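Structural features, examined
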Amino acid sequence: MHHYLSGVQQIGIGVKNAHSAMHTYKHLFGMDVLIFDDEASATLMTQYTGGDVYKRRAILTMNLQGGGGLELWQFLNRNPAAASTIQLGDLGIFAAIIKSVNLEQSHQRLSKIDEVVVSDIFKSEASGNYFWLTDANKNTFKIIASNDWFQTGNHDMGGIVGSVIGVSDMEKAILFYQSVLGIDVILYDTEAIENKQRIRKVGISKKATGKGAFNKLLGDVVIELVQVLDRVPAKIYQDRFWGDCGFIHLCFDVLDMQALKKHAISKGHDFSVDSSDSFAMDHAAGRFCYIEDPDGTLIELVETHKVPILKKIGWYLDLRKRNIEKPLPNWMIKMLAISKVK
């Protein structure tokens, strides 16, 4: 199988205030490195925003111990609609999956914070131990134990490795994530009673391959697909826009977008958005695309072209001039930490 994905780059969260969310997640999860803070118009996303172009602010923060970041996304000229009650198994992204260096330590620390709701630790042979955290904005995170790290020592947690995604047809969903995106290792496939409902949950994974500029930092991918068996699931973004409150997309770092696009089309899944159709790439930091899973959940795909190593002096690394599969040296990735969340 060709490896198109290097890892999870970030998960997008629609928020009412990106600046305050940035501080919340620094506090909760050690997301203390600022990759960008950018205001622009979401011109390519009109099919997901009711046909209108909205202005937005987007902030990307990361925890450089390993894993992807959080893209905090705020409408600047629309009041974002909150979700009604979301249940496990509803269609779309139910939770972000974050890895912990020490699950008990993370659990103890987070349990003491008033603004969040933390579950007990669930012990599981199949999926490994985990617990749930729901923040003040009703966003849910599944915290899992991990021993896959770029570096450790600063915090008890790391970054995003994937998400819990509600699906209506498990076989169709597995086929999409395996055959189109190459997330092909099945970790577990079980039926359980969770949140007082019968569900089937399937964990799928893609091991870090060592290929790609950021692969060592982003690490392994873990996704949990959940299908409710005794009710018809609601769609999390029914009658709401992309960018409204909640998890708006899961974003992967892509090695070769053109090859992935060709591959996806051959499997019957074309991209719904492709930035290269609409603007000259020389001025952009990358090419971004979207693809929908069989239930319409948005997966963002980004081929990074320029990386801000030191923005203050305009030091950017142009990745197009290097072998796409060659990892960046560790010291260079660590340089990203110069720009801290303030």
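Here, every reference points to the structure presented above.
Now for a quick tour of the structure.

Rules and cut-offs
Residues numbered from 1 in each chain as written. Predicted model: local features only at pLDDT ≥ 70, side-chain atom pairs only at ≥ 80, totals over all residues. Heavy atoms only, no water. Core = buried A, V, L, I, M, F, W, Y, C linked by side-chain atoms within 4.5 Å. Buried < 20%, exposed > 50% of the residue type's maximum accessible area, 1.4 Å probe, protein only. Contact = heavy atoms within 4.5 Å. Helix = DSSP H or I, 4+ residues; strand = E, 2+ residues; numbered from the N terminus. Pairing = 2+ DSSP bridges. Arc of directions from axis to C-beta. Expected span 1.5 Å × (residues − 1). Polar contact = N/O pair within 3.5 Å; in protein donor to acceptor, adjacent residues only side chain to side chain. Salt bridge = Lys/Arg side-chain N within 4 Å of Asp/Glu carboxyl O.

What about the nonpolar core?
- Core analysis: the biggest nonpolar cluster contains 58 residues, and Phe252 and Leu301 have the highest contact counts within it.
- Beyond its immediate chain neighbours, meaning those up to four positions away, Leu301 contacts Leu5, Leu181, Phe252, Val254, Met257, Leu260, Phe271, Arg287, Phe288, Cys289 and Ile291.
- Core analysis: the next-biggest nonpolar cluster, separate from the first, contains 18 residues, Val33, Ile309, Leu328 and Ile333 among them.

Notes on the environment of Lys172
- As for its placement among the helices and strands, Lys172 is situated in helix 3 (residues 170-180).
- Overall, Lys172 belongs to the exposed group, its relative accessible area being 52%.

Some thoughts on the sheet that holds strand 15 (residues 286-292)
- Strand order in the open sheet made by the eight strands is 2-3-4-1-13-16-15-14, with mixed pairing throughout. Looking at the sheet topology across the chains shown, the edges are occupied by strand 2 (33-41) and strand 14 (273-274).
- With four bridges joining them, strand 13 (residues 246-254) and strand 16 (residues 298-304) adopt parallel strand pairing. Bridge assignment links Phe252 to a residue of strand 16, and that residue is Leu301.

Here's the deal with helix 5 (residues 257-266)
- For helix 5, every residue scored as buried is listed here: Met257, Leu260, Lys261, His263 and Ala264. One side of helix 5 holds all its buried residues, which, seen down the axis, span an arc of 165°. Of the exposed residues in helix 5, those oriented more than 90 degrees away from the buried face are Lys262 and Ser266.
- Considering only its buried residues, helix 5 is in contact with strand 1 (5-14), helix 3, strand 13, strand 14, strand 15 and strand 16.
- Two residues or fewer after helix 5 comes Gly268, characterised by a positive phi angle close to 85°.

Some words on the sheet that holds strand 5 (residues 92-100)
- Reading across the sheet, the eight strands line up as 6-7-8-5-9-12-11-10 and stay open at both edges, with mixed pairing between neighbours. The open sheet has two edge strands with one neighbour each: strand 6 (117-118) and strand 10 (185-194).
- Bridge count between strand 9 (residues 157-166) and strand 12 (residues 221-228): three bridges; the pairing is parallel. Across the sheet, the residue bridging to Gly166 is Val226, located in strand 12.

Topic: the environment of Pro80
- Along the chain, Pro80 falls in the loop between strand 4 (69-75) and strand 5.
- Among the residues examined, Pro80 registers a relative accessible area of 8% and is labelled buried.
- Ignoring any residue separated from it by four or fewer positions in sequence, one finds Pro80 in contact with Val15, Lys16, Phe75, Gly243, Asp244 and Cys245.

What about unusual backbone geometry?
- One non-glycine residue, Lys138, lies in the positive phi region at around 70°.
- Structurally, Lys138 is set in the loop between strand 7 (130-134) and strand 8 (140-145).
- The exposure class of Lys138 is exposed, given its relative accessible area of 67%.
- Residue Asp239 is not a glycine yet carries a positive backbone phi of 60°.
- On the secondary structure map, Asp239 appears in the loop between strand 12 and strand 13.

A look at helix 1 (residues 18-29)
- With twelve residues, helix 1 ought to run about 16 Å at 1.5 Å a step, and its terminal C-alpha atoms sit 16 Å apart, in line with that.
- The residue sitting at the N-terminus of helix 1 and contributing the capping side-chain oxygen is Asn17; that oxygen lies 3.0 Å from the backbone nitrogen of His19.

Let's talk about the environment of Val232
- Of note, Val232 is situated in the loop between strand 12 and strand 13.
- For Val232, a relative accessible area of 74% gives the class exposed.
- For the pair Val232 and His249, spaced 17 residues apart in sequence, the C-alpha to C-alpha distance is 22 Å.

Things to note about the pairing of strand 11 (residues 197-206)
- Most of strand 11 is tucked away: nine of the ten residues are buried.
- Looking at chain direction, strand 10 and strand 11 are connected through nine bridges and run antiparallel. Residue pairing for strand 11: Thr190 is matched across the bridge by Lys201.
- Where strand 10 folds back on strand 11, the antiparallel hairpin that results is connected by two residues, among which Asn195 adopts a positive phi of roughly 50°.
- Here eight bridges tie strand 11 to strand 12, and the two strands are oriented antiparallel to one another. Each residue of the ladder has a partner; that of Lys201, found in strand 12, is Val226.

Some words on the pattern of salt bridges
- Within this structure, the stated rule accounts for 19 salt bridges.
- The closest approach of N and O atoms between Arg78 and Asp244, which form a salt bridge, is 2.7 Å. One end of the pair, Arg78, is in the loop between strand 4 and strand 5; the other, Asp244, is in the loop between strand 12 and strand 13, and 166 residues separate them in sequence.
- For Asp244, a relative accessible area of 0% gives the class buried.
- The salt bridge involving Glu325 is made with Lys211; its shortest N-O contact spans 3.9 Å. Here Glu325 is found in the loop between strand 18 (315-318) and helix 6 (330-334), whereas its partner Lys211 is found in the loop between strand 11 and helix 4 (215-218), with 114 residues between them in sequence.
- Under the relative-accessibility criterion, Lys211 is labelled partly exposed at 33%.
- In this structure, a network of salt bridges that share partners links the residues Glu171, Asp189 and Arg200.

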